[in-house]
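Okay, here's what each chain looks like letter by letter:
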Amino acid sequence: QVQLVESGGGSVQAGGSLRLSCAASGSIVSFIAMGWYRQAPGEQRELVATTGTGGSAHYADFVKGRFTISRDDAKNTLYLQMDSLKTEDTAVYYCYLRRTLSTAYWGQGTQVTVSS
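Residues numbered from 1 in each chain as written. Predicted model: local features only at pLDDT ≥ 70, side-chain atom pairs only at ≥ 80, totals over all residues. Heavy atoms only, no water.

1. A look at the environment of Tyr79
One can find Tyr79 in strand S8 (residues 77-82). The exposure class of Tyr79 is buried, given its relative accessible area of 13%. Between the alpha carbons of Tyr79 and Lys64 there is a distance of 15 Å; along the sequence they are 15 residues apart. In this structure Tyr79 touches Arg19, Leu20, Ser21, Trp36, Thr68, Ile69, Ser70 and Asp72, once residues within four positions along its chain are discounted. (Helix = DSSP H or I, 4+ residues; strand = E, 2+ residues; numbered from the N terminus. Buried < 20%, exposed > 50% of the residue type's maximum accessible area, 1.4 Å probe, protein only. Contact = heavy atoms within 4.5 Å.)

This is how it looks when you write it as structure tokens:
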């Protein structure tokens, strides 16, 4: 089992920054990918950024150039640095870890609210 706990969400004005953290515990010796999704009210959950075991990163077009995903393997922690935040970035952000093609774990989510 893997447990994921997000932190770092909050309220910020447009143009500001936040850094989300996702602390992983449990059996995380091997995995395919880790990353972040988000879900705004009334919307489907959408991929924000993901990183594989080799450290490669992929971003949704709507965050490219503004968000940076990183991982500290020594601390078993995933980060999402969010800069130049926009009101449309308001959502609950979820951390995930894909162990295999058929097994994934999710955190409980952290709220990010960006005001104009």
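2. Some words on the state of the cysteines
With the rule as written, the count across this model stands at 1 disulfide. The residue that forms a disulfide with Cys22 is Cys95, at a sulfur-sulfur distance of 2.0 Å. Negative torsions about the S-S bond denote left-handed disulfides, and the value of about -75° found for Cys22 with Cys95 makes this one left-handed. Of this pair, Cys22 sits in strand S3 (residues 18-26) while Cys95 sits in strand S9 (residues 91-100); the two residues are 73 residues apart in sequence, bridging distant segments of the chain. Since its relative accessible area comes to 0%, Cys22 is described here as buried. Accessibility expressed as a relative area gives 0% for Cys95, which makes it buried. (Disulfide = S-S within 2.5 Å.)

3. Quick word on the sheet that holds S8
Strand order in the open sheet formed by 4 strands is S1-S3-S8-S7, and the pairing between neighbours is antiparallel. A strand with exactly one partner marks an edge of an open sheet, and here the two such strands are strand S1 (2-7) and strand S7 (67-72). Taken pair by pair, the neighbouring strands of this sheet meet at an average axis angle of 15°, ignoring direction. Sheet topology note: the S1/S3 ladder contains 6 bridges and is antiparallel. Looking across to S3, one finds that Ser7 is bridged to Ser21. (Pairing = 2+ DSSP bridges. Axes fitted to C-alpha atoms, helices over the stretch in contact; angles between N-to-C directions.)

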